[in-house]
Amino acid sequence: MLGIKNLQPTDIALILETADRFKEVINRPIKKVPSLRDITIANVFFENSTRTRLSFELAERRLSADVLNFAAAQSSVKKGETLLDTVNNILAMKVDMIVIRHASPGVPHFLSQRINAAIVNAGDGTHEHPTQALLDAYSIKEKLGRIQGVKVAIIGDISHSRVALSNIYALQKLGAEVMVCGPKTLLPKHIDTLGVKVETDVRKALAWCDVANVLRIQLERQQGKYFPSLREYTLYFGINKALLDELDKEIVIMHPGPINRGIELSSDVADSHHSIILQQVENGVAVRMAVLYLLAEKLNPLQKLS
Ligand code: CP
């Protein structure tokens, strides 16, 4: 699972259908199934994470896998060990699957050509975050009953967002219409090649869409000055209740987290009935269980999900 770009719509549909079955499992009193017993998975995180790391770990434990957690900040990476040496040393401990997050775009693809283990991309720099896009698609389908024909506006820092790119690929493959909205300086130069609508007026984007997926300004990935100040960004692109009250319809508000409250999204919207932000987090566990289960099925014949 290196990215969404090369998946077929039928692959995505299979993952979402499998996630439905796991959502039912994790809402039972006994939330665990033996499907990945005897499979060992290492969560290898070279970047900070709350939702992705914890939900992968929970998904692995719910599937009865053995779990190793590696955080680069507390590791021998700090003593100069290379990425490939680090991963090969983890694999030498008889690990079957690697879930990896890294600041450099392409790291999961680089590893896939050099190691013999299943790899799940948990976010590679500004490139892709496939399981986030899958859980976002799952959450839209759960909320609206369909993805085909739904209008989704992705609003914020599109240039530096792996969530934006994976969402564009996933939503288009599932038949949604996608718009990106943000300051021109935060739209990638190649945006015209992605087949999305482009808007720089947030009011027009909100008036057009059924779903607004609001993104954080990725200050940690920005090397230049893309707008004069955060206060001005909020003034022109922040989503608040006054903007939603101007609409003559209800829209769904999503955010992959972490939210910078009061910058891209006001608290009265993040915590309102419009928001499905915590449902996205809940669905992340079921979707990641589905991804791990389907990948592990390729490693070994598994016990049937029950
Ligand atoms: N959505 C997301 O990737 O959040 P984390 O950085 O906390 O994992």
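Residues numbered from 1 in each chain as written. Predicted model: local features only at pLDDT ≥ 70, side-chain atom pairs only at ≥ 80, totals over all residues. Heavy atoms only, no water.

This paragraph deals with the site of the ligand. Close to the ligand lie Ser-49, Thr-50, Arg-51, Thr-52, Arg-101, His-129, Gln-132, Pro-256 and Gly-257, which account for all nearby residues. Side-chain polar atom of Thr-52 to an oxygen atom of the ligand: 2.6 Å apart, as the coordinates give it. In this structure, a nitrogen atom belonging to the ligand sits 3.0 Å away from a side-chain N or O atom of Gln-132. Isolated, the ligand exposes 250 Å² of accessible area, and the fraction of that covered by the protein chains is 92%. Residues belonging to the shell around the ligand are distributed by class as follows: one nonpolar, six polar and two charged. (Near = heavy atom within 4 Å. Polar contact = N/O pair within 3.5 Å; in protein donor to acceptor, adjacent residues only side chain to side chain. Areas by Shrake-Rupley, 256 points an atom, 1.4 Å probe, with all protein chains shown as cover. Nonpolar A, V, L, I, M, F, W, Y, C, P; charged D, E, K, R; others polar.)

Tallying each qualifying case throughout the model produces four aromatic pairs. Measuring from centroid to centroid gives 5.5 Å for Phe-46 and Phe-70, while their planes differ by 50°, and the two rings are tilted. Here the residue Phe-46 occupies a position in the loop between β1 (40-45) and α2 (51-62), and Phe-70 occupies one in strand β2 (residues 66-71), the gap between them amounting to 24 residues. Considered together, Phe-46 and Phe-70 belong to a single accessibility category, that of buried residues. Taken together through their ring pairs, the aromatic side chains of Phe-227, Tyr-233 and Phe-237 make up a single cluster. (Phe/Tyr/Trp six-rings, centres within 6.5 Å; stacked < 30°, edge-to-face > 60°. Helix = DSSP H or I, 4+ residues; strand = E, 2+ residues; numbered from the N terminus. Buried < 20%, exposed > 50% of the residue type's maximum accessible area, 1.4 Å probe, protein only.)

Moving on, we come to the nonpolar core. By size, the foremost hydrophobic cluster in this structure holds 66 residues, and its most contacted members are Phe-22, Leu-36, Ile-154 and Leu-292. The element that contributes the greatest number of residues to this core is helix α11 (residues 277-299), accounting for eleven residues. Residue assignment places this core across two domains, with domain 1 (9-128 + 281-299) and domain 2 (130-280) each supplying three or more. Apart from residues lying up to four places away in sequence, Leu-292 is in contact with Leu-36, Ile-41, Phe-56, Ala-59, Glu-60, Leu-63, Met-97, Val-99 and Val-120. Membership of the second largest hydrophobic core comes to 26 residues, among which are Ala-153, Cys-209, Phe-227 and Val-269. (Core = buried A, V, L, I, M, F, W, Y, C linked by side-chain atoms within 4.5 Å. Domains from an automatic or database assignment. Contact = heavy atoms within 4.5 Å.)

So, about the sheet that holds β2. Hydrogen bonds along the backbone pair up the strands of a sheet, which may run parallel or antiparallel. With parallel pairing, four strands are arranged side by side in an open sheet as β2-β1-β3-β4. Here the strands that pair on one side only, and so sit at the sheet edges, are β2 and β4 (118-124). Strand-to-strand twist in this sheet, taken as the mean axis angle between neighbours without regard to direction, amounts to 15°. Of the pairings in the sheet, the one linking strand β3 (residues 97-102) to β4 comprises five bridges and is parallel in character. If you follow Ile-98 over to β4, its bridge partner there is Ile-119. (Pairing = 2+ DSSP bridges. Axes fitted to C-alpha atoms, helices over the stretch in contact; angles between N-to-C directions.)

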